[in-house]
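# Breakdown of the fold
Given next are the chains, with one letter for each unit.
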Amino acid sequence: MNDGKSDIAVVITAGHCVWDNAGQSFAKNWAFFPNYDKDSGLSRGKSYFATALFAPFGFTNQKSFNSTAILNDFGFAVISTNELNILNLPNISLVSAFSNGKGDAFGYPAALPFDGQELIYSTGIVSSDPNTGNMTWRLPSSMTGGASGGPWYNAYMDGTS
């Protein structure tokens with residue numbers, strides 16, 4: 001395109017969302033569903049399939065979810081942005097974004113009491129994680145597996161505050 005807009009976007013997520021450790025390969029048919037809601041159904045929402053997936057060697061070279069894998073558990077999915085306007089977000093610095101300590105994590109937790117079909121968010125204090133020698137961040141949450149890879153925001157406003 002020559003209209004000043006990019007034809008691709010990069011979705012940032014967890015490494016284990018793009019890499020299959022058991023099969024030692026990248027996921028097949030990786031899709032991004034912006035604004036997914038079980039009440040509207042997937043057929044009413046548009047999906048965007050990855051044209052490329054990336055994860056660091058520090059994650060993909062591990063045979064188990066060890067401390068090296070945890071420190072490198074991030075990944076990227078490249079998707080086409082044709083007709084995709086939802087990703088016009090400002091650039092932010094993750095370190096400065098949480099300087100006040102409060103953060104909101106979003107995800108689709110799948111283990112009980114959740115079913116992976118609803119967007120859930122949890123608010124907590126962002127701090128360095130002593131379990132990783134303070135080399136990563138943590139946000140205490142009651143969300144379960146399936147929520148990782150979702151975004152964290154600072155000062156999210158849900159319209160009721």
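Quick look at the structure, then. These figures come from a predicted structure and were not determined experimentally. (Residues numbered from 1 in each chain as written. Predicted model: local features only at pLDDT ≥ 70, side-chain atom pairs only at ≥ 80, totals over all residues. Heavy atoms only, no water.)

Bringing the overall build of the protein into the picture now. A tally of regular secondary structure across the protein gives three helices and 11 strands. Moving toward the C terminus, one meets the helices and strands of the protein in the order β-β-β-β-β-α-α-β-α-β-β-β-β-β. A buried classification covers 28% of the 161 residues belonging to the protein. Taking all contacts inside the protein whose residues are at least 6 apart in sequence as the whole, residues at least 24 apart take part in 58%. Put simply, the protein shows about 10400 Å² of open surface, and 56% of that area lies on carbon and sulfur atoms. (Helix = DSSP H or I, 4+ residues; strand = E, 2+ residues; numbered from the N terminus. Buried < 20%, exposed > 50% of the residue type's maximum accessible area, 1.4 Å probe, protein only. Contact = heavy atoms within 4.5 Å. Areas by Shrake-Rupley, 256 points an atom, 1.4 Å probe, with all protein chains shown as cover.)

We now examine the sheet that holds strand β1 (residues 8-13). Within the open sheet, the four strands sit side by side as β1-β6-β5-β4. Their pairing is antiparallel. Looking at the sheet topology across the chains shown, the edges are occupied by β1 and β4 (31-32). Where strand β5 (residues 48-54) meets strand β6 (residues 75-80), four bridges bridge the pair, whose relative direction is antiparallel. Each residue of the ladder has a partner; that of Ala50, found in β6, is Ile79. (Pairing = 2+ DSSP bridges.)

Next up on the list: the environment of Asp39. Structurally, Asp39 is set in the loop between β4 and β5. Measuring from C-alpha to C-alpha, the distance between Asp39 and Gln117 comes to 8.8 Å, with 78 residues separating the pair along the chain.

A cis amide bond links Leu112 to the next residue, Pro113, at an omega of 15°. The topology assignment puts Pro113 in the loop between β7 (102-107) and β8 (120-125). Even without a glycine there, the phi angle at Asn29 is positive, about 55°. As for its position among the elements, Asn29 is in the loop between β3 (25-26) and β4. You can call Asn29 exposed: its relative accessible area is 68%. One non-glycine residue with positive phi stands out, namely Asn134, at about 60°. For Asn134, the location among the structural elements is in the loop between β9 (127-128) and β10 (137-138).

The next point concerns the pattern of salt bridges. Using the criterion set out here, one finds one salt bridge in the structure. For the salt bridge of Lys102 with Asp104, the shortest nitrogen-to-oxygen distance reads 4.0 Å. (Salt bridge = Lys/Arg side-chain N within 4 Å of Asp/Glu carboxyl O.)

On to the environment of Trp137. Within the secondary structure, Trp137 is located in strand β10. Expressed as a C-alpha distance, the spacing of Trp137 and Val126, which sit 11 residues apart in the sequence, is 6.7 Å.

As a further point, take the nonpolar core. Ranked by size, the top nonpolar core spans 10 residues in total: Ala9, Val11, Val18, Trp30, Phe32, Tyr48, Leu53, Ala55, Ala77 and Ile79. Elements with a contribution of two residues or more to this core: β1, β5 and β6. Membership of the second largest hydrophobic core comes to five residues, among which are Val126, Leu139, Met143 and Ala147. (Core = buried A, V, L, I, M, F, W, Y, C linked by side-chain atoms within 4.5 Å.)

Along the chain, the position of Asp129 falls in the loop between β9 and β10. Notably, Asp129 is buried but unbridged: the nearest opposite-charge side chain belongs to Arg138, and the N-O separation is 4.3 Å. Separated by 2.9 Å, the side chain of Asp129 and the backbone nitrogen of Asn131 make a polar contact. (Lys, Arg positive; Asp, Glu negative; His and termini not counted. Polar contact = N/O pair within 3.5 Å; in protein donor to acceptor, adjacent residues only side chain to side chain.)

One key point about sheets: their strands pair by backbone hydrogen bonds, in either a parallel or an antiparallel sense. With antiparallel pairing, three strands are arranged side by side in an open sheet as β8-β7-β11. Two strands bound the open sheet, and with one partner strand each, they are β8 and β11 (152-153).

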